[in-house]
Structure formats: structure tokens, C-alpha cells
Amino acid sequence: MKHKLLPLSETMHYILLALREPLHGYAVMQKIEQLSNGTVILAAGTLYGAIENLKKHGWIESVGDSGRRKIYMITTEGNDVLKMEQERLQHILSLYEGSELNEEV
């Protein structure tokens, strides 16, 4: 299944990874900062634009509310996309093994 959003951007990866558990938007931003060891800090506009895009493609869904906050979680299709991306990235990383570049690093 090739999709126009593939390969995923770093932001999309982090959002999908964060939403393996149900979270509201602000909690997603905090989780991404934690997952990235503080190297990725999303602005609210970036996050909510990406959430709308991911919802439109059926990769995440709203699973409830906490007051005014919507809670989101990854869907089965979103998990499938993450798995495909994981396999793609593992293949790329495997190309480094035994290469001259790896010896220089």
C-alpha cells in the first residue's frame, strides 16, 4: 500500500508513535518531546494540522473527550503504516552495516 503521505515525516512518525496510547493534543506534544529526548518540540498549529491530516486518512481517530479536549488514538491502519515505515527504515539502517561509511563514523 503506497500512500501519498509515505514516507512519513519525522513529525508524523512521532505523532503516530505517541498515539499508541489515548492522548489529547497537549499530552501528545509532551509525549513527543519525551520520546525525542527534547529534540522535537511541536507548535500547536503544526500538531493540530497533522492530526487533521492523519484523521482524514484514517490513521488516527478521536476516542473520547476530556472536557474540551479531544482524545486521539492510532487506528489499525495507522499501526500498519507504522509497521511498514519501521521495515523501510530498518532496511535503510541495514545498508550502513559493514559499509565503509560505518567504519568512518
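The model shown is predicted, which means the values in this text are computed figures rather than measured ones.

Calculation notes
- Residues numbered from 1 in each chain as written.
- Predicted model: local features only at pLDDT ≥ 70, side-chain atom pairs only at ≥ 80, totals over all residues.
- Heavy atoms only, no water.
- Axes fitted to C-alpha atoms, helices over the stretch in contact; angles between N-to-C directions.
- Helix = DSSP H or I, 4+ residues; strand = E, 2+ residues; numbered from the N terminus.
- Parallel < 35°, antiparallel > 145°, perpendicular 65-115°, else oblique.
- Left-handed = near helix turned anticlockwise from the far one by under 90°.
- Contact = heavy atoms within 4.5 Å.
- Nonpolar A, V, L, I, M, F, W, Y, C, P; charged D, E, K, R; others polar.
- Expected span 1.5 Å × (residues − 1).
- Buried < 20%, exposed > 50% of the residue type's maximum accessible area, 1.4 Å probe, protein only.
- Arc of directions from axis to C-beta.
- Salt bridge = Lys/Arg side-chain N within 4 Å of Asp/Glu carboxyl O.
- Pairing = 2+ DSSP bridges.

Trainee: Run through the packing of helix α1 (residues 10-18) against helix α4 (residues 76-96), naming residues and quoting values.
Mentor: Close contact between α1 and α4 brings their axes to 11 Å; oriented N to C, the two are set at 125 degrees. In terms of axis orientation, α1 runs oblique to α4. Judged by the twist between their axes, the crossing of α1 over α4 is left-handed. Counting all contacts with α1, which are made through His-13, Leu-16 and Leu-17, the residues of α4 involved are Leu-82, Glu-85 and Leu-89. Across the contact of α1 with α4, the residue classes tally to four nonpolar, one polar and one charged.

Trainee: Please provide a residue-by-residue account of α4, values included.
Mentor: Relative to the 30 Å expected for 21 residues at 1.5 Å per residue, α4 spans 31 Å between its end C-alpha atoms, a close match to the ideal helical length. Regarding α4, the residues found buried are Gly-78, Val-81, Leu-82 and Glu-85. End-on view of α4: buried residues confined to an arc of 100 degrees, all on one side of the axis. Buried residues in α4 make contact with α1 and β3 (69-74).

Trainee: Talk me through the pattern of salt bridges; I want residue IDs and the actual numbers.
Mentor: By the definition in use, this model includes three salt bridges. A salt bridge links Glu-21 to Lys-31, with the shortest nitrogen-to-oxygen separation between them at 3.1 Å. A residue pair is termed long-range when its members are at least 10 positions apart, and Glu-21 in the loop between α1 and β1 (23-24) and Lys-31 in helix α2 (residues 25-35) qualify at ten residues. Exposure remark for Lys-31: the relative accessible area of 21% places this residue in the partly exposed category.

Trainee: Any details on unusual backbone geometry? Residues and values, ideally.
Mentor: Its identity is not glycine, yet Asn-37 carries a phi of approximately 55 degrees, on the positive side. Following the sequence through the fold, Asn-37 ends up in the loop between α2 and α3 (44-56).

Trainee: Quick one: what's the story with the sheet that holds β1, residue by residue and with numbers?
Mentor: If you walk across this open sheet you meet the three strands as β1-β3-β2, and the pairing is antiparallel. Each edge of the open sheet carries a strand with a single partner, namely β1 and β2 (60-66).

Trainee: Could you give an account of the environment of Asn-53, with specific residues and numbers?
Mentor: Locating Asn-53 in the fold gives a position in helix α3. On a C-alpha basis, the gap between Asn-53 and Leu-89 in space is 22 Å, while along the polypeptide they are 36 residues apart. In this view, Asn-53 contacts Leu-5 and Met-12; residues no more than four positions away in its chain are not counted.

Trainee: If you had to explain the environment of Pro-7 to someone new, which residues and values would you point to?
Mentor: Inspection of the secondary structure puts Pro-7 in the segment before α1. For the pair formed by Pro-7 and Val-81, sequence separation is 74 residues and the distance between their alpha carbons is 9.4 Å.

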